[in-house]
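A look at the structure
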Amino acid sequence: MNNQRILSHFHESAELKIQAASVLAQPISQAIELMFAALSNGNKILACGNGGSAADCQHFAAELVGRFERERFPLPALALTTDSSIITAVANDYSYREIFSKQVQAFGQAGDILLAISTSGNSANVAAAVEAALEREMRVVALTGKDGGAIGQLLTDADVHICVPATRTARIQEVHLLAIHCLCDGIDVALFGGDANE
C-alpha cells in the first residue's frame, strides 16, 4: 500500500474536522442541552442507525450506561440496533423500514430523546423512527451528512440537526464519532460539572 494514500486519508479527515468545527459547535452544544434536560428529568435517550451508524449508536449507549471519561452513575441510553429477535421479527412480519419505529413506539415516551444517525440523511428506517418519535412528543437529535436528506426535512425547530458538511461516507462517519464524544463529554460536564481530566 502506498503510504501517500494512507496519509491522504489522515489529512482529509483532519481538514474536514477543522472545517466542520465552526459549523457544528453550535448544534452540538444545543444537542447537549437537550440531552442534559431530558436526562435531568428522568428521561432516556434511544439511538438508531444502520451499519457503521448502528455501531455509533451502540458506542454512544455504552459510554452513557458505562462511562465516558469519569466515574459516575449510569445514564439511561438504549441502542435500538442490538436485539436481533426484534429486528428480524419486525423486518420479516412488517418491513425493514419499521425495525426502529416500532421500538420507538414501544419504548419511547414524551420527553425522551431519539439520536437518529444516517450519513446520507435518507435511511428510510431512521426517518420512520424520527416520525414515530415526533408523534410521541420526543425530541430528535439527528446526525447526518451531505445535505441532511429526508431526515433533515422532518425535524422541527425544537429538534437539533448536526449535519456534517461532506459527501464521503467514511469522512462523515469519522466526524460523527467526534460529535458523539463531544456529546458524551458535554453531558458529563452539564450533569456533574468540572473537567474529568483535571
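On to the layout of surface pockets, then. In this structure, the largest pocket occupies an estimated 160 Å³ of space. Along its surface, the largest pocket is lined by K17, A20, A21, L24, A25, I28, S29, V175, L178, A179 and C182. Those elements that provide at least two residues to the lining of the largest pocket are α1 (3–40) and α7 (169–192). In terms of residues, the lining of the largest pocket owes the most to one element, α1, which gives seven residues. Residues of the lining of the largest pocket, tallied by class, amount to nine nonpolar, one polar and one charged.

With 24 residues, α7 extends 34 Å from end C-alpha to end C-alpha; this agrees with the ideal 34 Å at 1.5 Å per step. For α7, the secondary structure elements touched by its buried residues are α1, α2 (52–65), β3 (113–117), β4 (139–145) and β5 (160–164). The first or second residue beyond α7 is G193, which carries a positive phi of 75°.

Let's shift gears to the pattern of salt bridges. Taken as a whole, this structure holds nine salt bridges when the rule is applied. Two residues, E12 and R171, come together in a salt bridge whose shortest N-O distance is 3.3 Å. One end of the pair, E12, is in helix α1; the other, R171, is in helix α7, and 159 residues separate them in sequence. A relative accessible area of 5% means that R171 is categorised as buried. The salt bridge involving E98 is made with K102; its shortest N-O contact spans 3.7 Å. Assessed through its relative accessible area of 26%, K102 is described here as partly exposed.

This brings us to the nonpolar core. Residues M35, I45, F60, L64, L115, V141 and I162 are the most contacted members of the largest nonpolar core, which totals 36 residues. No other element matches α1, which puts 10 residues into this core. Those residues in contact with I45, other than ones at most four positions away along the chain, are M35, L39, F60, L64, P76, A77, L78, I113 and L115. In this structure, L46, C48, A129 and A142 belong to the second largest nonpolar core, which totals 21 residues.

The next subject is the packing of α1 against α7. At a minimum axis separation of 7 Å, α1 and α7 run at an interaxial angle of 35°. Here α1 runs over α7; the crossing is right-handed.

Relative orientation of the contacting elements α2 and α7 amounts to 15°, with a least axis distance of 10 Å. When the axes of α2 and α7 are compared, the pair comes out roughly parallel. Here α2 and α7 pass one another in a crossing that is right-handed. Where α2 abuts α7, its residues G52, S53, D56, H59, F60, E63 and L64 lie against Q173, H176, L177, I180, H181, L183, C184 and I187. Residue classes in the contact of α2 with α7 are distributed as seven nonpolar, six polar and two charged.

Our focus in this paragraph is unusual backbone geometry. The phi dihedral of E137 falls on the positive side, at around 60°, and the residue is not glycine. Inspection of the secondary structure assignment puts E137 in the loop between α5 (124–135) and β4. Although it is not a glycine, K146 sits at a positive phi angle of roughly 55°. Structurally, K146 is set in the loop between β4 and α6 (149–154). Residue K146 is classed as partly exposed on the basis of its relative accessible area, which comes to 39%.

Calculation criteria
Residues numbered from 1 in each chain as written. Predicted model: local features only at pLDDT ≥ 70, side-chain atom pairs only at ≥ 80, totals over all residues. Heavy atoms only, no water. 1 Å grid on protein atoms, 1.4 Å probe; cavity = no way out; pocket = protein on both sides within 12 Å on 5 of 7 lines; lining within 4 Å. Points joined across faces, edges and corners; volume = space filled by probe spheres on them. Helix = DSSP H or I, 4+ residues; strand = E, 2+ residues; numbered from the N terminus. Nonpolar A, V, L, I, M, F, W, Y, C, P; charged D, E, K, R; others polar. Expected span 1.5 Å × (residues − 1). Contact = heavy atoms within 4.5 Å. Salt bridge = Lys/Arg side-chain N within 4 Å of Asp/Glu carboxyl O. Buried < 20%, exposed > 50% of the residue type's maximum accessible area, 1.4 Å probe, protein only. Core = buried A, V, L, I, M, F, W, Y, C linked by side-chain atoms within 4.5 Å. Axes fitted to C-alpha atoms, helices over the stretch in contact; angles between N-to-C directions. Left-handed = near helix turned anticlockwise from the far one by under 90°. Parallel < 35°, antiparallel > 145°, perpendicular 65-115°, else oblique.

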